[in-house]
Amino acid sequence: LRAARRTFKTTKLRGPPRTDLIFGAAKQILESQDEGAIYEAWAKEYGVAYEVPTTLGGKKIVLTDPRALAHHYARESWVYVQTKLARSFLEHTFGRGILWSQGEDHKRQRKSLTPAFSQAAIRNLTPIFYSSAHKARSAWEAMIDTSSGNSTVIEVQNWMDHISLDTIGLAGFSHDFGSLDGKSTPITEIFSTFGSSKRSAMNVGLVLLSEVFPLLEYVPTPRTKLFHEMQRIVENISTGLLARTRKEKEEGVLDGKEDKSIIGVLIKANDSDSSIHLTHEEVLGQMKVLLVAGYETTSISMTWALPELAGNPDIQSKLRQELLTLGEEPTYDQQQHSLPYLDAVVHETLRVHPPMSDFIRVADEDDVIPLSEPVVTQSGEVVNSISIARGTQIGIPVSCVNKSTEIWRADAKVFRPERWLEEDGIPKKAQDIQAYRHILTFIDGPRTCLGKGFAVAEFKAVMSVLVKNFVFEMRDGPDTRVELGRGFLPRPKIVGEEGTDVPLRVRRYDG
């Protein structure tokens, strides 16, 4: 009855045919190297809102229209909520923290975390970002010194992992994981295992079928076993860090210094009887989210920047010149206001290579979504809005919107930081995307990424140190291709390499 109601009340949009009777178009999208290009081709054929067939007769409405996206994100977390499968996965992986919560519960949790991500807080954390970057610089210089020439080949993704992990450990939890000092850590090992695991047809089938039958996510496969091991590791680390910090606070070791750190803000919310009180379970949930998100997504973004710079030596030289002209190590405020090309390189990387390529939500009540341009329905009717029945799935194709030629002009797929500095570099249609810097990388609305300021400041600090001190080149020449590898999240990898390796030739910059 619910399915019949959705069919009756939801506008019947055009879309690609169901080429696979079991999986619809879902398998094609999941296995694609560039799902954004698939969504964009469909948008050109069917309009800015269209219907995509999914597993076992299901369907989702995909939105690529700026006005529709603004409407959707204004109602995120209340009208448009996470699917049951997504919430189940998030609860088992991270607990009932900020990613799992919805509505007023999400609003309360977010409010409790906000002080840890203020500009003042990030400004105070900036020395930690630089400290991690300089540790990597020193290690790379030692590697070059022991090589036969003035350069060496370095697998940079592994090093970005180390920088990200040690940074979130120190900045978030006052804990040094020591991965930049060569210490082996369970969390880096488990994420490396994700990168080296092979995708089987059975895994793909189970992932897609679990959208309809959520219990299938518990079927023991090598992939689900990895997830369970990751959950155990993150749980143990978070529990240990929280217990240690509480003990140190009770013993007076911290002397109030932790109050403005992320873990300090969490403990304060846990101890509070105010409206932003967090339970012990919620505190652990936030720690798990911050540990994984602060490690994984930032590492992926910083890794993507390096092969882009290696493949575009003119851009790399221009960035280095800006950093050298400033001379001193950029402060947080100089990062924000005195290094426009660094800002452009960072945000072009985030635009072209979002760590999360799409999101699925489900309507929790009936809605009408306005469009900025009309679409043609299955019956041939031209409409300027679409009706959405409760229970309808909505797809937001982030990588498509970020790189759409309809939104970002003909060179949308090109890595070109200059677009962020030119007077008309950001097209009017892109400006209509109301998210942070007109890209959906950090999504938008009430669920916009709380740590985006933290991530961008860390990204800038690391790039400023590495690009000022080293020259990056493709190990196998300018024709080297980079593709998506398979990790916990999709990661860059050099074509032909094992796992998610990104080996680059790194040369000391001599001036």
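### Some details on the side chain of Thr11
With respect to the helices, strands and loops of the structure, Thr11 is situated in the loop between α1 (2–9) and α2 (26–30). Only 2.7 Å separates the side chain of Thr11 from the backbone nitrogen of Ser387, close enough to count as a polar contact. Excluding residues that lie within four positions of it along the chain, Thr11 makes contacts with Thr377, Ile386 and Ser387.

### Focus on the pattern of salt bridges
Counted by the stated rule, this structure contains 34 salt bridges. Among the salt bridges present, the one from Asp145 reaches Arg508, with a minimum N-O distance of 2.7 Å. With Asp145 in helix α7 (residues 119–146) and Arg508 in strand β12 (residues 503–508), this residue pair connects regions lying 363 residues apart in the sequence. In this structure, the salt-bridge partner of Arg419 is Glu348, at a minimum N-O distance of 3.0 Å. With Arg419 in the loop between α18 (405–408) and α19 (428–431) and Glu348 in helix α16 (residues 340–352), this pair connects stretches of sequence that are 71 residues apart. Assessed through its relative accessible area of 1%, Arg419 is described here as buried. By sharing partners, the salt bridges in this structure join Glu348, Arg351, Asp411, Arg416, Arg419 and Glu422 into a single network.

### Description of a nonpolar patch on the surface
A cluster of nonpolar side chains, contributed by Leu21, Ile22, Leu56, Val212 and Phe213, occupies part of the molecular surface with about 490 Å² of accessible area. Assignment of secondary structure puts Phe213 in the loop between α10 (201–209) and α11 (222–250). Residue Phe213 is classed as partly exposed on the basis of its relative accessible area of 46%.

### Considering the packing of aromatic side chains
For any two aromatic rings, the description comes down to two numbers: the centre-to-centre distance and the angle of the planes. As enumerated under the stated definition, the model contains 13 aromatic pairs in all. An angle of 90° between the planes, with centres 6.3 Å apart, marks the rings of Trp140 and Trp159 as edge-to-face. Taken together, the residues Trp140 in helix α7 and Trp159 in helix α8 (residues 156–173) connect sequence positions 19 residues apart. Considered together, Trp140 and Trp159 belong to a single accessibility category, that of buried residues. Ring centres of Tyr436 and Phe442 lie 5.5 Å apart, and the angle between their planes is 75°; on these two criteria the pair is classed as edge-to-face. Within the aromatic cluster, the residues linked to one another by ring pairs are Phe89, Phe191, Phe227, Tyr295 and Phe488. Positioned over the ring face of Trp100 is Arg87, at 4.1 Å from the centre of the ring. When the ring centre of Tyr509 is taken as origin, the NZ or CZ atom of Arg320, which lies over that ring, is 5.1 Å away.

### Topic: unusual backbone geometry
If you check the backbone angles, Arg437 has positive phi at about 55° while not being a glycine. Within the secondary structure, Arg437 sits in the loop between α19 and α20 (452–469). Take Arg437: its relative accessible area is 28%, and that puts it in the partly exposed class. Its identity as a non-glycine residue notwithstanding, Ile443 has a phi of 50°, on the positive side. Considering the arrangement of structural elements, one finds Ile443 in the loop between α19 and α20. Looking at Ile443, the relative accessible area reads 9%, which means it is buried.

### What to know about the sheet that holds strand β9 (residues 470–474)
Read from one edge to the other, the open sheet built from 3 strands follows the order β4-β12-β9, with strand pairing classed as antiparallel. Strands with a single pairing partner mark the edges of an open sheet, and in this sheet they are β4 (151–155) and β9. When the angles between neighbouring strand axes are averaged without regard to direction, this sheet yields 35°. Across 5 bridges, the pairing between β9 and β12 is antiparallel.

### Brief notes about α8
For α8, with 18 residues, the first-to-last C-alpha span of 25 Å sits near the 26 Å given by 1.5 Å per residue. Burial within α8 is extensive, with 16 of its 18 residues counted as buried. For α8, the capping residue at the N-terminal end is Glu155, with a side-chain oxygen 3.0 Å from the backbone nitrogen of Gln157.

### Describing the nonpolar core
Ranked by internal contacts, the top residues of the largest apolar core, which has 128 residues, are Leu63, Trp140, Ile386 and Phe472. Among the elements that line this core, the one with the most residues is helix α13 (residues 280–311), at 15 residues. Grouped together as the second largest cluster of nonpolar side chains are 11 residues, Ile29, Trp42, Tyr46 and Val52 included.

### Quick look at the environment of Thr19
Mapped onto the elements, Thr19 comes out in the loop between α1 and α2. Sequence separation between Thr19 and Lys198 is 179 residues; the distance between their C-alpha atoms is 25 Å.

### A look at the sheet that holds strand β3 (residues 80–81)
With respect to topology, 5 strands assemble into an open sheet ordered β1-β2-β8-β5-β3, the strand pairing being mixed. Edge positions in the sheet fall to β1 (49–53) and β3, since each has one partner strand and no second. As paired strands, β3 and strand β5 (residues 359–363) are joined by 2 bridges and run antiparallel to one another. Among the inter-strand pairings, Val81 is bridged to a residue of β5, identified as Val362. Where helix α4 (residues 66–74) meets the sheet, its contacts fall on β2 (59–63), β3, β5 and β8 (393–396), and the angle it forms with β8 comes to roughly 120°.

### Examining α10
Every α-helix winds through 3.6 residues per turn, so residues three or four apart in the chain are directed the same way. Taken residue by residue, α10 has Asn203, Val204, Gly205, Leu206 and Leu208 as its buried positions. The elements touched by buried residues of α10 are α2, α11 and β10 (482–486).

### Remarks on the packing of α7 against α20
The contact between α7 and α20 brings their axes to 9 Å, and the two run at 35°. When the axes of α7 and α20 are compared, the crossing they make is right-handed. Contacts between α7 and α20 involve Ile122, Leu125, Phe129, Tyr130, Ala133, His134, Arg137, Trp140 and Glu141 from the former and Gly453, Phe454, Ala457, Glu458, Ala461, Val462, Ser464, Val465, Leu466 and Asn469 from the latter.

### Quick look at the pairing of β2
In terms of burial, β2 is largely enclosed, as 4 of its 5 residues are buried. Across 5 bridges, the pairing between β1 and β2 is antiparallel. Its bridge partner being in β2, Glu51 is matched across the sheet by Ile61. Two successive antiparallel strands, β1 and β2, enclose a turn made up of 5 residues, where Leu56 displays a positive phi of approximately 50°. As paired strands, β2 and β8 are joined by 3 bridges and run parallel to one another. In the sheet register, Val62 faces β8, and the bridge partner there is Gly395.

Rules of the game
- Residues numbered from 1 in each chain as written.
- Predicted model: local features only at pLDDT ≥ 70, side-chain atom pairs only at ≥ 80, totals over all residues.
- Heavy atoms only, no water.
- Helix = DSSP H or I, 4+ residues; strand = E, 2+ residues; numbered from the N terminus.
- Polar contact = N/O pair within 3.5 Å; in protein donor to acceptor, adjacent residues only side chain to side chain.
- Contact = heavy atoms within 4.5 Å.
- Salt bridge = Lys/Arg side-chain N within 4 Å of Asp/Glu carboxyl O.
- Buried < 20%, exposed > 50% of the residue type's maximum accessible area, 1.4 Å probe, protein only.
- Patch = residues over 30% accessible without salt bridge, like charges linked within 9 Å, V, L, I, M, F, W, Y side chains within 5 Å.
- Areas by Shrake-Rupley, 256 points an atom, 1.4 Å probe, with all protein chains shown as cover.
- Phe/Tyr/Trp six-rings, centres within 6.5 Å; stacked < 30°, edge-to-face > 60°.
- Lys NZ or Arg CZ within 6 Å of the ring centre and 35° of its normal.
- Pairing = 2+ DSSP bridges.
- Axes fitted to C-alpha atoms, helices over the stretch in contact; angles between N-to-C directions.
- Expected span 1.5 Å × (residues − 1).
- Core = buried A, V, L, I, M, F, W, Y, C linked by side-chain atoms within 4.5 Å.
- Left-handed = near helix turned anticlockwise from the far one by under 90°.

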